[in-house]
Amino acid sequence: MKLIRFDGGRIGAVTQEGAFDLTDALGVDPQAWPPVQMVQIVAHFADRVPAALRDPRAKRIDLASVRLEVPIVWPNKLIAFPANYRLHQLEMNSKNQADINGFFLKANSSLCGPNDTIVLPSLPGREIHHECELGIVIGRRGKNISRADALSYIFGYSCLIDMVVRGNEERVMRKSWDTFCPFGPWIVTADEVSDPANLQARLWVNDELRQDANTRDLILDIPGMIELASRVATLEPGDIIATGTPEGVGPVQPGDTVRIEIERIGGMSLKVEAAGR
Ligand code: MN
């Protein structure tokens, strides 16, 4: 199943039967603030979503005629692993490595959706790069999670682009500009991804294929990331983990279109524009 957020905070699901607006069946108020509705749905998925799909208030929709939004807009945290592919370490001449240096955080407010625009701040002479990553959504609370149990904490997967200003300022700041974390176009539930350690991920800028790699080449694998992150911080439903970029990162310019596609998950294209004055 895919979970979607669309048309101003509405929540729906895409199943083999089609696409459904479950907003009313789930009792979701799209206008509620803070916008944690999808986090609540992820936390109570088994109790709420199958029942909502059977509810007469579930409305069939045409997926092509709705505007998809970032599926999780207000997570408890957005964890990201740097330097997690050998060839990316080499291209960056990086001494960092995910299994040694661990993770960093990106501002939750950097999240944006499949129909949003990546807005580049005005930083003359600086490069702003794309990083093509598999995004993991945590399904239940966990602390000190073992490798053996790690996959059972995963709710689902999305495409994630970790945008970053290259340079020497604090990494958290360089990666936390608004719109610097495109995430979507939906959450694919974990049951539909039999082997997350064998997913081809690709990223294009305009028609140029820049990144083309497989999650089997992760240095710190997915169970290892969950084990390490949960040793430090209690993982909560709806938390997002950016798993690290493979080689092929590079700059984007206003007017570009960035497209990401991950096997079994889907894809999305975002326009890039310069910030207004
Ligand atoms: Mn990254």
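Residues numbered from 1 in each chain as written. Predicted model: local features only at pLDDT ≥ 70, side-chain atom pairs only at ≥ 80, totals over all residues. Heavy atoms only, no water.

## Let's talk about the overall build of the protein
When its secondary structure is counted, the protein shows eight helices and 20 strands. The C-alpha radius of gyration of the protein comes to 18 Å, within 12% of the 19 Å expected for a compact globule of 277 residues. A total of 277 residues make up the protein; the buried ones form 54% of that total. Intrachain contacts of the protein at a sequence separation of at least 6 include 75% that bridge at least 24 residues. As displayed, the protein offers around 12,400 Å² of accessible surface, 48% of which is attributable to carbon and sulfur atoms. The positive charge centre, built from 30 side chains, and the negative charge centre, built from 36, are 3 Å apart in the protein. (Helix = DSSP H or I, 4+ residues; strand = E, 2+ residues; numbered from the N terminus. Rg over C-alpha atoms; globule rule 2.2 N^0.38 Å. Buried < 20%, exposed > 50% of the residue type's maximum accessible area, 1.4 Å probe, protein only. Contact = heavy atoms within 4.5 Å. Areas by Shrake-Rupley, 256 points an atom, 1.4 Å probe, with all protein chains shown as cover. Lys, Arg positive; Asp, Glu negative; His and termini not counted. Charge placed at Lys NZ, Arg CZ, Asp CG, Glu CD.)

## Notes on the coordination of the manganese ion
Around the manganese ion, the protein supplies Glu131 (OE), Glu133 (OE) and Asp162 (OD) as donor atoms, at distances of 2.0 to 2.2 Å. In the primary structure, the donors to the manganese ion are separated according to the pattern E-x1-E-x28-D. Remark: Asp162 occurs in the loop between β12 (154-161) and β13 (164-165) and Glu131 occurs in the loop between β10 (128-130) and β11 (132-138); sequence separation between them is 31 residues. With respect to class, Glu131 is no different from Asp162; both count as buried. (Donors = N, O, S within 2.8 Å, 3.2 Å for Na, K, Ca; no water.)

## Side note on the sheet that holds strand β16 (residues 208-214)
Hydrogen bonding along the main chain pairs the strands of a sheet, whether they run parallel or antiparallel. With mixed pairing, five strands are arranged side by side in an open sheet as β9-β20-β19-β15-β16. Two strands in the sheet have a free side with no partner beyond their single neighbour: β9 (117-120) and β16. Sheet twist, expressed as the mean angle between neighbouring strand axes with direction ignored, is 20 degrees. Bridge analysis of β9 against strand β20 (residues 266-274) gives four bridges, and the strand direction is parallel. The residue bridging Thr117 from the neighbouring strand is Lys271, located in β20. (Pairing = 2+ DSSP bridges. Axes fitted to C-alpha atoms, helices over the stretch in contact; angles between N-to-C directions.)

## What about the environment of Arg171?
Looking at the secondary structure, you find Arg171 in helix α7 (residues 171-174). Residues within four places of Arg171 in sequence aside, it is in contact with Pro82, Asn96 and Phe104.

## Some thoughts on the sheet that holds strand β18 (residues 250-251)
With antiparallel pairing, three strands are arranged side by side in an open sheet as β13-β10-β18. Sheet topology places β13 and β18 at the edges, where each strand pairs with a single neighbour. Here β10 runs beside β13; their pairing, made up of two bridges, is antiparallel. When the sheet's bridge partners are listed, Ile128 is paired in β13 with Val165.

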